[in-house]
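Summary of structural features
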Amino acid sequence: MRIDFHVHTSRSPDGLHSLRETVKYARAIGLDGLCVTDHGRLLSRREARGLTREFGILVIPGVEGGHMALDRHWIGLCLDALPATGEITGVIDHIAAEGGLSIAPHPHSCTGYAGYAALGFDAVEAFNGTDRLSNMMVRNTAGLPETGGSDAHATYMLGYTWTEVENGATVEEAVEMVRRGRCRPAGTLVPAHKKMQFYGRAFVRYTTEQPQLMWKSMQSSFAAHPGAAATGDDPGAAFPDE
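Looking now at the nonpolar core. Val23, Leu34, Ile57, Val59, Met157 and Phe198 are the most contacted members of the largest nonpolar core, which totals 24 residues. If you list the elements that add at least two residues to this core, you get helix 1 (19-28), strand 2 (33-36), helix 2 (45-55) and helix 7 (192-209). One finds Leu58, Ala123, Val165 and Cys183 within the second-largest nonpolar core, a separate group that totals 18 residues.

What follows covers the pattern of salt bridges. In this structure the tally under the stated criterion is six salt bridges. Between Glu166 and Arg182 there is a salt bridge, and its shortest N-O distance comes to 2.7 Å. Pair noted here: Glu166 is in the loop between strand 8 (161-165) and helix 6 (171-179) and Arg182 is in the loop between helix 6 and strand 9 (183-187), with a separation of 16 residues, a long-range link. Arg179 is the salt-bridge partner of Glu176, the closest N and O atoms lying 3.4 Å from each other. You can see Glu176 and its partner Arg179 sitting in helix 6, three residues apart, about one turn around the helix. Salt bridges sharing partners connect three or more residues here, namely Asp122, Glu176 and Arg179.

The subject of this paragraph is a nonpolar patch on the surface. Together, Leu133, Met136 and Met137 make up a nonpolar patch on the protein surface, roughly 320 Å² of accessible area in all. Of note, Met137 is situated in helix 5 (residues 132-137). Overall, the relative accessible area of 39% leaves Met137 in the partly exposed class.

What follows covers the confidence of the model for the protein chain. In the predicted model, the protein chain carries a mean pLDDT of 89, and 86% of its residues have values of at least 70. For residues 223-242, every residue scores under 50 in pLDDT, and the model assigns this stretch 49 contacts once sequence neighbours within four places are set aside.

Next up on the list: the sheet that holds strand 6 (residues 123-128). With respect to topology, nine strands assemble into an open sheet ordered 7-6-5-4-3-2-1-8-9, the strand pairing being mixed. Here the strands that pair on one side only, and so sit at the sheet edges, are strand 7 (146-149) and strand 9. On average, each strand axis in the sheet is tilted by 35 degrees relative to the strand beside it, whichever way the strands run. Those strands touched by helix 6 are strand 1 (2-7), strand 3 (58-65), strand 5 (101-104), strand 6, strand 7, strand 8 and strand 9, and its axis lies near 55 degrees from that of strand 3.

Below, the discussion takes up helix 2. Inspection of helix 2 places Glu47, Ala48, Leu51 and Phe55 among the buried residues, and these make up the whole buried set. The arc that holds the buried residues of helix 2, viewed along the axis, is 100 degrees, so those residues lie on one side. Exposed side of helix 2, more than 90 degrees from the buried face: Arg46 and Arg53 are the residues found there. Contacts made by the buried residues of helix 2 are with helix 1 and strand 3. Just downstream of helix 2 lies Gly56, where phi reads positive at about 70 degrees.

Moving on: the packing of aromatic side chains. A complete count under the given rule lists two aromatic pairs for this structure. Taken together, a centroid distance of 5.9 Å and an interplanar angle of 40 degrees make the contact between Tyr113 and Phe121 tilted. Tyr113 gets classed as buried once you look at its relative accessible area, which sits at 15%. According to the relative accessible area criterion, Phe121 is buried, its value standing at 5%. Here the aromatic rings of Phe198 and Tyr199 are separated by 5.3 Å at their centres, their planes lie at 50 degrees, and the arrangement is tilted. Judged by relative accessible area, which is 7%, Phe198 ranks as buried. A cation over a ring is seen here: Arg2 above Trp162, with NZ or CZ 4.4 Å from the ring centre.

Burial analysis of strand 3 places eight of its eight residues in the buried class, the great majority of the element. The side-chain alternation of strand 3 yields two buried faces, one formed by Leu58, Ile60, Gly62 and Glu64 and the other by Val59, Pro61, Val63 and Gly65. Pairing of strand 2 with strand 3, which is carried by four bridges, proceeds in the parallel orientation. Looking at the pairing, Cys35 lines up with Ile60 of strand 3. Both strand 3 and strand 4 (residues 74-77) contribute to a ladder of four bridges, which runs antiparallel. Directly across from Gly65, in strand 4, lies its bridge partner Trp74.

Rules used throughout
- Residues numbered from 1 in each chain as written.
- Predicted model: local features only at pLDDT ≥ 70, side-chain atom pairs only at ≥ 80, totals over all residues.
- Heavy atoms only, no water.
- Core = buried A, V, L, I, M, F, W, Y, C linked by side-chain atoms within 4.5 Å.
- Buried < 20%, exposed > 50% of the residue type's maximum accessible area, 1.4 Å probe, protein only.
- Helix = DSSP H or I, 4+ residues; strand = E, 2+ residues; numbered from the N terminus.
- Salt bridge = Lys/Arg side-chain N within 4 Å of Asp/Glu carboxyl O.
- Patch = residues over 30% accessible without salt bridge, like charges linked within 9 Å, V, L, I, M, F, W, Y side chains within 5 Å.
- Areas by Shrake-Rupley, 256 points an atom, 1.4 Å probe, with all protein chains shown as cover.
- pLDDT = per-residue confidence, 0-100.
- Contact = heavy atoms within 4.5 Å.
- Pairing = 2+ DSSP bridges.
- Axes fitted to C-alpha atoms, helices over the stretch in contact; angles between N-to-C directions.
- Arc of directions from axis to C-beta.
- Phe/Tyr/Trp six-rings, centres within 6.5 Å; stacked < 30°, edge-to-face > 60°.
- Lys NZ or Arg CZ within 6 Å of the ring centre and 35° of its normal.

Laid out in structure tokens, this is it:
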């Protein structure tokens, strides 16, 4: 199964397309699943199940934590609530206590945890679709399960980077396959022109079309850090057209 383990929607302050648009596009290009990992915004299990039924593609609920501009990042999958702490060992303990899966995204970037194994992450993002340098620096001498994710912030960045999972008819099965290391990163980097298309579109959107949206989204992201109960059950005014 081809599952993208790192995807953003317009529920992230810097995402362009709505949740439904993103899921629909992922299905259309042939992905078998995707993990929705918006910044500071937890997708609820209930909403993920509904999207899975509606679009016929596995939607894994998740979040990318740590403030997008100020902190190092972590990914947590299958959670019911955000951690009540911003301290990384407490975050990982919270994810484990909820039976979720912790992934260290782009570990060798300025917003990554290079010491992911010692910190206790369950898996490492060994192939990030937009960060060539971090990918080149991954050694993973501890042998943690490795994932691949596009880190897409727009639909047209999907379909280039993913994780090959041995089996995953359900969210629980797919996550367990990763936990057991029965997966591998696959695909290529997101093409440079696709990234530039995103950067250009995002700049126009937040400076000329909807300048107030970026401010509202950033406020929401700050409010959700750390430990705010921001889930997909509470859309909020900053996330239109979901």
